[in-house]
Amino acid sequence: MKIIITGVAGFIGSNLAKTLLDRGHEIIGIDNLSYGLERNIQDFRDHPKFKFVFGDIANPLILKDFHSEIIIHLASQKIPRYTNALRTLDENYLMLRNIIQKCILDRSKIIFASTSDVYGKNEKVPFHEESDLVLGSTTIKRWAYASSKIYGEQYIIANSEEYGLKYTIGRFFGSYGPNHNLTWWGGPQSGFITKALENEEIEIHGDGSQTRTFTYVDDTVDALVKFVENNSSDNEIFNTGSNPDEEISILGLGKLIWKLVNGENSEPKFKYIPYSSFGKYEDVMRRVPDISKLKQFFNFDPQYSLEEGLKKTIEWQRKLLGK
Ligand SMILES: NC(=O)c1ccc[n+]([C@@H]2O[C@H](COP(=O)([O-])OP(=O)(O)OC[C@H]3O[C@@H](n4cnc5c(N)ncnc54)[C@H](O)[C@@H]3O)[C@@H](O)[C@H]2O)c1
């Protein structure tokens, strides 16, 4: 199939592009390299079925000369923890509007990267696709990300009803692995591994009791491949994550990473960053997916436990940092 991937030089995009090329698909990958890196795509940059386009997806003209059967829309701004919420709201809307218009024009399907953050503060875990989406006050800017993705999902579904747009929405739960961004943008694993490798304090936001259910990137990619290759994914929303028994606290994650990097007998070092240092902030205390829909539709079965995935990620990061 001919597929456009937005955000191809980012973490999930680069891993996904490699797998789809290996499976014989033709890929046009777009990225403005605002968070993505050329090194993430260097392995397949010269692949005969890959074309890289440098550009901003918020610009509607960028897609004018390209056509595909599917657009996998991964490019996004994330939780504005240190940045302004305006860019999250503006860019996520503008990009999606352009992608949807293009899909309607070319009669192509959109696969949209949504997030577990849409469930917000809902205390009833595990989250099912029909669970309530419970956000905090609009004066807390971190909710701008979840708002933009909820708006995105609604906007896609409304376009589907009005214009027959075909879609699959994946709500990703904490993906990590090779090519994740090494700044805070890449999530806790990347920062924790770097600190453990340097024998420095791991920075824990809050007291570390908040939990997450992380997904090794190969499992995230496996689900995305199923969305591409199976029509039964059309017009459906899927939690895209690991089994609920993989839930771990952020402090537990820090301890596990420290042990895998420095051995059982090394005492982990932590520094606690109060939420108040991000201004008015609220965290999600538990985030656990119900992935039975993904299992039922595609026999999906996550292949990596957290420990196995972390070992592979640490190996990659060690090599990259020369540690
Ligand atoms: N990684 C996760 O754990 C996770 C969890 C939930 C949802 N998601 C969603 O999955 C998607 C991919 O996440 P990721 O972790 O790979 O992110 P990433 O930041 O590593 O990749 C996104 C890519 O999009 C590019 N980009 C951003 N704005 C652009 C623009 N205006 N024009 C062109 N390119 C642009 C960036 O340069 C980057 O390479 C995002 O939509 C994100 O919201 C990710």
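Above this text sits the structure in question.
Values in this document were obtained by computation on a predicted structure and should not be read as measured data.

Asks: Explain helix H3 (residues 85–106) to me, please; I cannot follow it from the model alone.
Replies: Three or four residues apart is the spacing at which side chains of an α-helix point the same way, because the helix has 3.6 residues per turn. Taking 1.5 Å per residue as the helical rise, H3 with its 22 residues ought to reach 32 Å, and the 32 Å between its terminal C-alpha atoms agrees with that figure. Buried residues of H3: Thr 88, Asn 92, Met 95, Leu 96, Asn 98, Ile 99, Ile 100, Lys 102 and Cys 103, and no others. The secondary structure elements touched by the buried residues of H3 are strand E1 (2–6), strand E4 (70–73), strand E5 (109–115) and helix H4 (143–163). One or two positions beyond H3, positive phi appears at Arg 107, with a value near 55 degrees.

Asks: Sorry if this is basic, but what is going on with the sheet that holds E1 here?
Replies: By way of backbone hydrogen bonds, the strands of a sheet pair with one another, either parallel or antiparallel. With parallel pairing, seven strands are arranged side by side in an open sheet as E3-E2-E1-E4-E5-E6-E11. Edge strands, defined here as strands with exactly one partner in the open sheet, are strand E3 (50–54) and strand E11 (236–240). Taking the axes of each pair of neighbouring strands and ignoring which way they run, one obtains an average angle of 20 degrees across the sheet. Across five bridges, strand E6 (residues 167–172) lies against E11 in parallel orientation. For Ile 169, the partnering residue across the bridge sits in E11 and is Ile 237.

Asks: In this structure, what is going on with helix H1 (residues 11–22)? I would like to understand it.
Replies: The first and last C-alpha atoms of H1 sit 17 Å apart over 12 residues, in line with the 16 Å expected at 1.5 Å per residue. Taken together, the buried positions of H1 are occupied by Phe 11, Ile 12, Gly 13, Ser 14, Asn 15, Leu 16, Ala 17 and Leu 20. After H1 finishes, the residue Gly 24 shows a positive phi value of roughly 95 degrees.

Asks: Can you walk me through the environment of Phe 227 in this structure?
Replies: When you line up the elements, Phe 227 lands in helix H6 (residues 217–229). Among the residues examined, Phe 227 registers 25 C-beta atoms within 10 Å and is labelled buried. Considering only alpha carbons, one finds Phe 227 and Val 125, 102 residues apart in sequence, at a separation of 25 Å. The contacts of Phe 227, once residues within four sequence positions are left out, are Ile 111, Thr 168, Gly 170 and Ser 233.

Asks: What should I look at first to understand unusual backbone geometry in this one?
Replies: Leaving glycine aside, a negative phi is the common case for residues, and trans is the common case for peptide bonds. Here Val 125 and Pro 126 are connected by a cis peptide whose omega angle stands at -5 degrees. Along the chain, the position of Pro 126 falls in the loop between E5 and H4. Within the chain, Leu 33 stands out as a residue other than glycine whose phi angle is a positive 55 degrees. Assignment of secondary structure puts Leu 33 in the loop between strand E2 (26–31) and helix H2 (38–41). Under the C-beta neighbour-count criterion, Leu 33 is labelled partly exposed, with 13 such atoms within 10 Å.

Thresholds applied
- Residues numbered from 1 in each chain as written.
- Predicted model: local features only at pLDDT ≥ 70, side-chain atom pairs only at ≥ 80, totals over all residues.
- Helix = DSSP H or I, 4+ residues; strand = E, 2+ residues; numbered from the N terminus.
- Expected span 1.5 Å × (residues − 1).
- Buried ≥ 20, exposed ≤ 12 C-beta atoms within 10 Å, placed from the backbone.
- Contact = placed C-beta atoms within 7 Å.
- Pairing = 2+ DSSP bridges.
- Axes fitted to C-alpha atoms, helices over the stretch in contact; angles between N-to-C directions.

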